[in-house]
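Structural features, examined
Below, each chain spelled out in residue letters.
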Amino acid sequence: MCPVQILISAGEASGEMYGAQLIRALRRGDTRLGDTFTPFQAGLQNKNLQFFGAGGERMRSAGCEIVVDARDLAVVGITEILSHLPKIYGLYQHLIEEADARQPALAVVIDSPAFNWRVARQMRKRGIPVVYYVCPQFWAWRQGRVKLLRKYVNKALVIFPFEEKFYRDRGVDATFVGHPLADVAPPRISRQEFAEQNGLSLDKQWITIMPGSRAKEVSMNLPTILESVDRLGADYEYLLPIAPTLSANFFRERVGQRPQIHLVPEALPALFHSRAGIIASGTATIEAALMGLPFVMVYRVSGLTYLLGRPRIKVPHFAMVNLIAGRKIVPELAQHDFTAENVVRNLQEILPSGSARSAMIEGLTMVSLALRGPATPNETAADRAAQAIQQLLPNAPLPPSRSNPS
């Protein structure tokens, strides 16, 4: 049987994690499902699928040949992208050349619209079906760019519940599959084991700080977070998960002589066992919500990026959890509001037990439920995404009927 080539392009840490989940779902390597398969899963077991594209170590471990490293695409902001254009264009050209050589049956692009909508355009020009998984947040700004999805994408797989209607109303074939992170089980490691592994004190409360997954984000967010840490003092210990797209040395150089800050290898156990968090806007806020952690959302970009981008924002909230809830659940400290004084003041409201903390936890629980997607037994968001993708592959079987299990 000739292998079926699939191009997957993911441009940053969260996207390549979703890409790895998707590859495993398509290849039936998702160990969380054990030996129980739906009819859809059984139909995919004999597919000879080969994956190549843009990603990182997680996708490589899942069986994808990485031809463009996602770390080289990790840029944030309008002005920041401009300074990296020559390098990014070279990587883009290399990926397209690989696609021309391999002739994939299908392309899956994940998030990172500045890079991936161009990949989608080139694939459609070549007659290759395109799936956009984790769609651009055009509902937040530049809504007119939805026309790019209509033109270049066969299927949009969205991960936030309100996105399906937004895109369908604008002529895009969109399906809400649930958020991939909502299927992740809580960490099994105990607080004591986590403390022993990372040299933490069990007698102190922990605060997780996540300044972003890209170097530019960290440079904009971390200094004020560190100032907040200094103001809060030594009554707490601080956990800084190392983003997969960055190195431990990168963070050590910036943290400096602050023994109360501990670099840890994974985000979810840190979030799960912490008392509160200081979290940069992005996927990390969803992770915090799913772990039930009260947090303060922070974010800063360059002055020019903010000046150019702020008038185009079409939504009432910056924080994704607030958008999903339709109301303010977590504090949003963006740009000029993002000061150490404001961070400390908001943290001090949610660190102690009381009505403010309880209300935030209740709101985060509601958001977590909304992110889980259709309640189908033994199916994750990646499974539902894989099922939609299967229908675009050559000789795709008919989708299984859920109304008649026989």
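Structure's up top.
Here we summarise the structure given alongside this text. (Residues numbered from 1 in each chain as written. Predicted model: local features only at pLDDT ≥ 70, side-chain atom pairs only at ≥ 80, totals over all residues. Heavy atoms only, no water.)

**Things to note about the sheet that holds strand β6 (residues 155-158)**
If you trace the seven strands from one edge of the open sheet to the other, you get β3-β2-β1-β4-β5-β6-β7, paired in parallel fashion. With partners counted over all chains shown, the strands left at the sheet margins are β3 (64-69) and β7 (174-176), one partner each. Averaged over all pairs of adjacent strands, the angle between strand axes in this sheet comes to 20°, irrespective of strand direction. Two elements, strand β5 (residues 130-133) and β6, share three bridges in a ladder whose sense is parallel. Counterpart to Tyr133 in the pairing with β6 is Leu157. Packing of helix α18 (residues 381-390) onto the sheet brings it into contact with β4 (106-110), β5 and β6, and relative to β5 it is tilted by some 165°. (Pairing = 2+ DSSP bridges. Helix = DSSP H or I, 4+ residues; strand = E, 2+ residues; numbered from the N terminus. Axes fitted to C-alpha atoms, helices over the stretch in contact; angles between N-to-C directions. Contact = heavy atoms within 4.5 Å.)

**A word on the nonpolar core**
Nonpolar side chains tend toward joint burial in soluble globular proteins. By size, the foremost hydrophobic cluster in this structure holds 92 residues, and its most contacted members are Val108 and Tyr133. With seven residues, helix α1 (residues 13-27) is the largest single contributor of residues to this core. Counting residues in each nonpolar core, the second largest holds 36 residues, with Ile128, Val130, Val158 and Ala174 among its members. (Core = buried A, V, L, I, M, F, W, Y, C linked by side-chain atoms within 4.5 Å. Buried < 20%, exposed > 50% of the residue type's maximum accessible area, 1.4 Å probe, protein only.)

**Points about the packing of aromatic side chains**
Summed over the entire model, instances satisfying the criterion amount to seven aromatic pairs. When the centroid spacing of 6.3 Å and the interplanar angle of 20° are considered together, the rings of Trp117 and Tyr152 count as stacked. Remark: Tyr152 occurs in helix α7 (residues 146-152) and Trp117 occurs in helix α6 (residues 113-125); sequence separation between them is 35 residues. For Trp117, a relative accessible area of 13% translates into the label buried. Look at Tyr152 and you get buried, because its relative accessible area is 11%. Through successive ring pairs, a cluster of aromatic residues spans Tyr89, Tyr92 and Phe115. Arg191 extends its terminal NZ or CZ atom over the ring of Trp206, reaching a point 3.9 Å from the ring centre. Here the guanidinium or amino end of Arg254 rests over the ring plane of Phe250, the centre of that ring lying 3.7 Å away. (Phe/Tyr/Trp six-rings, centres within 6.5 Å; stacked < 30°, edge-to-face > 60°. Lys NZ or Arg CZ within 6 Å of the ring centre and 35° of its normal.)

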